[in-house]
Amino acid sequence: MTKQHAILVGVGGYLPPRILTNDELATRVDTSDAWITERTGIRQRHIAGPEDSCVAMATKAAAAALADAGATAADVDAIIVGTSTPDEAFPATAVRVQAALGVTAGFAFDLAAACSGFVYALSVADAMIRAGQARGVLVIGAEVYSRILDWTDRGTCVLFGDGAGAVFLRAEHSGVGPQTRGILSTHIHADGRHGDILYVDGAVGRPDRPGHLRMLGREVFRHAVGRLSEVVGEALAANGLQQSDIDWLVPHQANLRIIDGIGKKLGMADSHVVKTVDRHANTSAASIPLALAEAWHDGRIRRGDLVLMEALGGGLTWGAALVRI
Ligand code: UT7
């Protein structure tokens, strides 16, 4: 028996050229390179310039993913952008990207799940491909958190960066089972009771109050370790796989301590955990596809490898995806 699967055939990323180091940040708020590095593993972050809108960065990442797949605009019939920092309330970032790429078929929409945005978008794309509603899907994570940070709050402004990452998924008929190429399964969750531990106190379209990110870091940290361990177990069990079957962990890049904690729990060799948090900081929905792009293009991740992705963010939202490359 064969079934329609979402095969990951191209990956791309874009980072704005401007780099902000911990030392430079320490000239603006009461912090230090030592504190930031010790507590988070972050050494620097990329910050969007005036030309690096959410749409512009998403378009560059998507174009790179398409080129990597050897695909063109004519192969795309759906675009999903995970973002919490769109340039406009509407049209959706995805629709602007559609126009910029010259895609004329299908549909495009944004999805807001904060740092879990990419895993959520991957889950929706996978379901649509399995249902036969789309055949060529661009899944993008694009964020400009520098525009929603309170640059006087040292508890949050040191943690985030800007950027975009994208994958291109192609529908293919293939056999069923854990050796099948493509997205094996996705597992997404939300618990709105914890909405106030990580949120933005304003909204796009409110020029009087565009909003700043607010976070109870210690609380989020506590939830992250527990929820991520659970969802990773759920993903493995759903496919009858063991921890030792995972070739690569490509986690959301919020904090090195969380990443290392999950990696240890899974018994992963450190060299098989993809880490970009030191250079990118937390780019929210863009962090997983940006990390994936790095390990994909430097040749670490290869065809046949089993990749586990996981993320937790505002909402709370969290999720995991298992993908056979
Ligand atoms: O992507 C979405 C998910 N987000 C996350 O996963 C973030 C999860 N949380 C974290 O990563 C960590 O909780 C943080 C990195 C945000 C904070 O680390 P922490 O070890 O939990 O520190 P803390 O918040 O408990 O603060 C410890 C101390 C405090 O001082 P007192 O009260 O002990 O005197 C803070 O005021 O560190 C102080 N502090 C800072 N000091 C220097 C907080 N931010 C800074 C800073 N520089 N930037």
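Check the entry above for the structure.
Residues numbered from 1 in each chain as written. Predicted model: local features only at pLDDT ≥ 70, side-chain atom pairs only at ≥ 80, totals over all residues. Heavy atoms only, no water.

## Side note on the site of the ligand
Item 1. Around the ligand, 23 residues are found, and the nearest of them are Thr31, Arg39, Arg218, Asn255 and Asn282.
Item 2. The backbone of Gly217 places a nitrogen or oxygen atom 3.0 Å from a nitrogen atom of the ligand.
Item 3. Between an oxygen atom of the ligand and a side-chain N or O atom of Arg218, the distance comes to 2.4 Å.
Item 4. For the ligand, whose free accessible area comes to 950 Å², the fraction covered by protein is 75%. (Near = heavy atom within 4 Å. Polar contact = N/O pair within 3.5 Å; in protein donor to acceptor, adjacent residues only side chain to side chain. Areas by Shrake-Rupley, 256 points an atom, 1.4 Å probe, with all protein chains shown as cover.)

## As for the nonpolar core
Item 1. In terms of nonpolar packing, the biggest core is built from 43 residues, with Leu266, Leu308 and Leu322 touching the most fellow members.
Item 2. Mapped by element, the contributors of at least two residues to this core are helix H7 (217–238), helix H8 (256–265), strand E12 (306–313) and strand E13 (317–324).
Item 3. By residue number, the principal contributor to this core is H7, which donates seven residues.
Item 4. For this core, the domains that each give at least three residues are domain 1 (3–174) and domain 2 (182–324).
Item 5. Discounting chain neighbours no more than four positions away, the residues touching Leu308 are Val232, Ile246, Trp248, Leu249, Val250, Leu266, Ala320, Ala321 and Leu322.
Item 6. Membership of the second largest hydrophobic core comes to 37 residues, among which are Ala113, Ala134, Trp248 and Val323. (Core = buried A, V, L, I, M, F, W, Y, C linked by side-chain atoms within 4.5 Å. Buried < 20%, exposed > 50% of the residue type's maximum accessible area, 1.4 Å probe, protein only. Helix = DSSP H or I, 4+ residues; strand = E, 2+ residues; numbered from the N terminus. Domains from an automatic or database assignment. Contact = heavy atoms within 4.5 Å.)

## A few points about the sheet that holds strand E1 (residues 3–14)
Item 1. In spatial order, the strands read E1-E7-E6-E4-E5; together these five strands make up an open sheet with mixed pairing. Looking at which strands have only one partner, the edges of the open sheet turn out to be E1 and strand E5 (107–111). On average, adjacent strands in this sheet sit at an angle of 20° to one another, irrespective of strand direction.
Item 2. In the sheet, strand E4 (residues 78–82) pairs with strand E6 (residues 136–144) via five bridges, with the strands oriented parallel. Bridging from a neighbouring strand, Ile79 pairs with Leu138 of E6.
Item 3. Along the sheet face, helix H5 (residues 117–130) touches E1, E4, E5, E6 and strand E7 (162–174) and points at about 165° away from the line of E6.
Item 4. In this fold helix H10 (residues 287–297) packs onto E1, E6 and E7, with an angle of close to 90° to the strand it touches most, E1. (Pairing = 2+ DSSP bridges. Axes fitted to C-alpha atoms, helices over the stretch in contact; angles between N-to-C directions.)

## Topic: the packing of aromatic side chains
Item 1. Evaluation of the coordinates by the stated rule reveals two aromatic pairs.
Item 2. Between the aromatic rings of Phe107 and Phe109, the centroid separation amounts to 6.2 Å while the plane-to-plane angle is 15°, which identifies the pairing as stacked.
Item 3. With a relative accessible area of 27%, Phe107 lands in the partly exposed category.
Item 4. When the ring centre of Trp151 is taken as reference, the NZ or CZ atom of Arg28 above it lies at 5.7 Å.
Item 5. The residue whose ring lies beneath Arg227 is Trp318, and the NZ or CZ to ring-centre distance is 5.9 Å. (Phe/Tyr/Trp six-rings, centres within 6.5 Å; stacked < 30°, edge-to-face > 60°. Lys NZ or Arg CZ within 6 Å of the ring centre and 35° of its normal.)

Honestly, it's all geometry; don't read function into it.
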